[in-house]
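Chain by chain, the residues run as shown.
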Amino acid sequence: MEKYVGKAAFKGIAIGRIAEMVKADKTVRREHVEDSAAEIARYEAAKAAAISQLQGLYEKALKDVGEAHAEIFEVHQMMLDDEDYNDSVIDLIESQKVNAEFAVAETGDNFAAMFASMEDEYMRGRAADVKDVSERVITNLLGGDGGGNTFTEPVILVADDLAPSETVQLDKEMVLAFVTRQGSTNSHTAILARTMNIPALVQVPIPKEVDGLMGIVDGMTGTIIVEPDEATLAKYQELKEKEAAKKKLLEELKGKESVTKSGRKVHLYGNIGGVGDVGYVKENDGEGIGLFRSEFLYLSDTDYPSEEKQFQAYKQVAELMAGKQVIIRTLDIGADKQIDYFNLEHEENPALGFRAIRICLTREEIFETQLRALLRASAFGNIAIMFPMIISKWEVERALEILNAQKDILRSKGIPFKEDISVGIMIETPAAVLMADELAELVDFFSIGTNDLTQYTCAMDRQNQHLEKFFDAHHPAVLKAIQMTIEAGHRHNTWVGICGELGADPALTETFVKMGIDELSMSPTSILQTRKIIRDMD
Ligand code: PEP
Ligand code: MG
């Protein structure tokens, strides 16, 4: 028994035989070709075939994984129609008297290198796409079939990396899990795996010799176990069965409303940290996204993410949620979330210090960039903006002023955005609870951050494990603060949700519904369980 550990791109357990992905031989040799016109005609035919294959893939992806994921194949078709790309291939064939395969390979490499050197991360990511389409044309020129990946039984598929086109072409019924030696958890392939509901691991240092052996993929820990012993196999078989039984029961609640027997409806939303998590929300039938912790975009970078990069991320989430509400919280760093490049000074009391909205209202240029990205993305879906760590009215007023100034900038440039974009605040300080009536007049919604609200109400550091004896997640003061917030919100027509961990606490669901909560936002895997509790209520 051997274990190989990488990163989990999508959770779940898979047990089965391991198969190494077979890639077609696409070795390209440089050959001298006198008849350039005939070679260009060969290229044009191979390109036309590639475009029609990509159209087929687009249609398959549209059916299997939805419009947002299918779009990549439209982009690939556009790449092949790109004038610069075509000019480069034809110019190489004519000027260097080379074969079409070589001209396409050269062009593909050059364009990929150009994309890879770009500053914008989204554009850098396109390097893999241009290589993928070039390989498709080369395969057509060589008369290949793209590899021989037809299996007689469902397998754990192992590959160095998987291009989106390869992933979507695979027979979903025959793949138990994906394991790649390279790749990132945010690659298109990882996103596709999540949407296809297939456990996936990336960056696993697994040798090729495992081909044909038995394996267990543990998507919780990012591990693949090869040739498991009997005890391990039995343990995972039991885990898998339990997981399946639980899932099946909850599956039945998909597509159903989160409504009590007496007709009280609550919206159940999911919390996410990035684009890659949207699949979980959809898989668990989330009715929207109640908290997108945007600071994870900043945390995963080595410098301030550009407006364009943020725009792409917010837009992607909005599009994936297809009209459902997506509440994006503006930058909430400081305290336990520190970022080196912000160069924040050391503080004695970081939880009570320079954090979240306090940073945004001091270093306004960072805030302005984020707000412009959010506004631009609002043209592509149902985005709402939420400000964290509010204690005073003036903070909300100033944040709204800055937001309006960004709207003016976009308007003057003719850039579209949602004029009446919904704006809310997090209620996570006792000050905000006590000021809830005044604050409610300024915004469309409240979302109660019970993690911080508990910490600040009970004066109890949420990070400190030694305080467990004193810690009461259901402290009556916190519950009273929640009740007060809901009542104040409703007095002013401001809807109220909870996006802290308490929102998913099954012991409190009934209490919150009775208090009049409008929305609960939680880790996506808790949504169906909470729906069940609500539907069982009178
Ligand atoms: C909260 O404080 O409850 C909350 C949702 O925000 P975070 O956990 O990100 O501080
Ligand atoms: Mg918080």
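It should be emphasised that the depicted structure is a prediction, and the values quoted were computed from it without experimental measurement.

Right, let's talk about the overall build of the chain for a bit. A tally of regular secondary structure across the chain gives 20 helices and 16 strands. Look at the contacts in the chain between residues 6 or more apart in sequence, and 69% of them connect residues 24 or more apart. Of note, the chain has its 58 positive side-chain charges centred 5 Å away from the centre of its 90 negative side-chain charges.

This part covers the coordination of the magnesium ion (ligand 2). Within the protein, Glu-428 (OE) and Asp-452 (OD) serve as the donor atoms for the magnesium ion (ligand 2), at 2.1 to 2.2 Å. With Glu-428 in the loop between strand 13 (422-427) and helix 15 (430-434) and Asp-452 in helix 17 (residues 450-457), this residue pair connects regions lying 24 residues apart in the sequence.

Let us look at helix 18 (residues 476-491). Working note: α-helix, 3.6 residues per turn, so residues spaced by three or four point in the same direction. In this model helix 18 runs 22 Å from its N-terminal to its C-terminal C-alpha over 16 residues, within 8% of the 22 Å that 1.5 Å per residue would give. Regarding helix 18, the residues found buried are Val-478, Leu-479, Ala-481, Ile-482, Thr-485, Ile-486, Ala-488 and Gly-489. Immediately beyond the C-terminal end of helix 18, within one or two residues, lies Asn-493, with a positive phi of roughly 65°.

Right, let's get into the environment of Pro-207. Position of Pro-207 among the secondary structure elements: in the loop between strand 6 (200-202) and strand 7 (214-218). With residues near it in sequence (within four places) discarded, Pro-207 still touches Tyr-4 and Arg-181.

Backbone-to-backbone hydrogen bonds join strands into a sheet, with any given pair of strands oriented parallel or antiparallel. Taken in spatial order, the eight strands of this open sheet run 1-8-7-3-4-5-6-2, and their pairing is mixed. If you trace the sheet from one side to the other, it starts and ends with strand 1 (2-5) and strand 2 (7-10), each paired once. Here the average twist between neighbouring strands, direction ignored, is 30°. Both strand 3 (residues 13-20) and strand 7 contribute to a ladder of five bridges, which runs antiparallel. Directly across from Arg-17, in strand 7, lies its bridge partner Met-214. Helix 8 (residues 230-251) rests against strand 3, strand 7 and strand 8 (223-226) of the sheet, and its axis sits at about 120° to strand 3.

Here we take up the site of ligand 1. Residues in contact with ligand 1 amount to 14 residues; listed here are only the nearest, Arg-293, Arg-329, Gly-449, Asn-451 and Arg-462. Between ligand 1 and Arg-329, the relevant distance is 2.7 Å, taken from an oxygen atom to a side-chain nitrogen or oxygen of the residue. Interatomic distance of 3.0 Å between a side-chain N/O atom of Glu-428 and an oxygen atom of ligand 1. When ligand 1 sits alone it has 290 Å² of accessible area, and the protein chains cover 98% of it. Contributions of two or more residues to the shell around ligand 1 are made by strand 10 (289-293) and helix 17. Broken down by element, the shell around ligand 1 gets its largest block of residues, three residues, from helix 17.

A word on the nonpolar core. Counting 83 residues, the largest nonpolar core has Phe-342, Phe-387, Ile-482 and Phe-512 as its most contacted members. Considering each element in turn, this core owes the most residues, seven residues, to helix 13 (residues 364-377). Setting aside chain neighbours within four positions, we find Phe-387 in contact with Thr-330, Ile-357, Phe-367, Leu-371, Ala-399, Leu-400, Val-423, Gly-424, Ile-425 and Met-426. With 33 residues, the next largest nonpolar core counts Ile-40, Leu-54, Val-89 and Phe-115 among its residues.

Time to look at the domain arrangement of the chain. Taken domain by domain, the chain consists of domain 1 (2-22 + 149-243), domain 2 (36-141) and domain 3 (260-536). Averaged C-alpha coordinates put domain 1 and domain 3 at centres separated by 34 Å.

A few words on the side chain of Ser-422. As for its position among the elements, Ser-422 is in strand 13. Its relative accessible area of 16% is what places Ser-422 among the buried residues. Look past the residues within four positions of Ser-422 in its chain and what remains in contact with it is Gln-325, Ile-383, Ala-384, Ile-385, Asp-444 and Phe-445.

Here we take up the packing of aromatic side chains. For the coordinates displayed, the defined rule picks out ten aromatic pairs. On the numbers, 5.9 Å between centres and 80° between planes, the contact of Phe-292 with Tyr-314 is edge-to-face. Taken together, the positions of Phe-292 in strand 10 and Tyr-314 in helix 11 (residues 307-320) put the pair 22 residues apart, joining distant regions of the chain. Its relative accessible area of 0% is what places Tyr-314 among the buried residues. Through a chain of ring-to-ring contacts, the aromatic side chains of Tyr-298, Tyr-304, Tyr-341 and Phe-342 assemble into a single cluster. For Lys-315, the ring lying beneath its charged end belongs to Phe-380, and the centroid distance is 4.9 Å. We note Arg-376 situated over the ring of Phe-311; from NZ or CZ to the ring centre the distance is 4.0 Å.

The rules behind each value
Residues numbered from 1 in each chain as written. Chains lettered and ligands numbered in written order. Predicted model: local features only at pLDDT ≥ 70, side-chain atom pairs only at ≥ 80, totals over all residues. Heavy atoms only, no water. Helix = DSSP H or I, 4+ residues; strand = E, 2+ residues; numbered from the N terminus. Contact = heavy atoms within 4.5 Å. Lys, Arg positive; Asp, Glu negative; His and termini not counted. Charge placed at Lys NZ, Arg CZ, Asp CG, Glu CD. Donors = N, O, S within 2.8 Å, 3.2 Å for Na, K, Ca; no water. Expected span 1.5 Å × (residues − 1). Buried < 20%, exposed > 50% of the residue type's maximum accessible area, 1.4 Å probe, protein only. Pairing = 2+ DSSP bridges. Axes fitted to C-alpha atoms, helices over the stretch in contact; angles between N-to-C directions. Near = heavy atom within 4 Å. Polar contact = N/O pair within 3.5 Å; in protein donor to acceptor, adjacent residues only side chain to side chain. Areas by Shrake-Rupley, 256 points an atom, 1.4 Å probe, with all protein chains shown as cover. Core = buried A, V, L, I, M, F, W, Y, C linked by side-chain atoms within 4.5 Å. Domains from an automatic or database assignment. Phe/Tyr/Trp six-rings, centres within 6.5 Å; stacked < 30°, edge-to-face > 60°. Lys NZ or Arg CZ within 6 Å of the ring centre and 35° of its normal.

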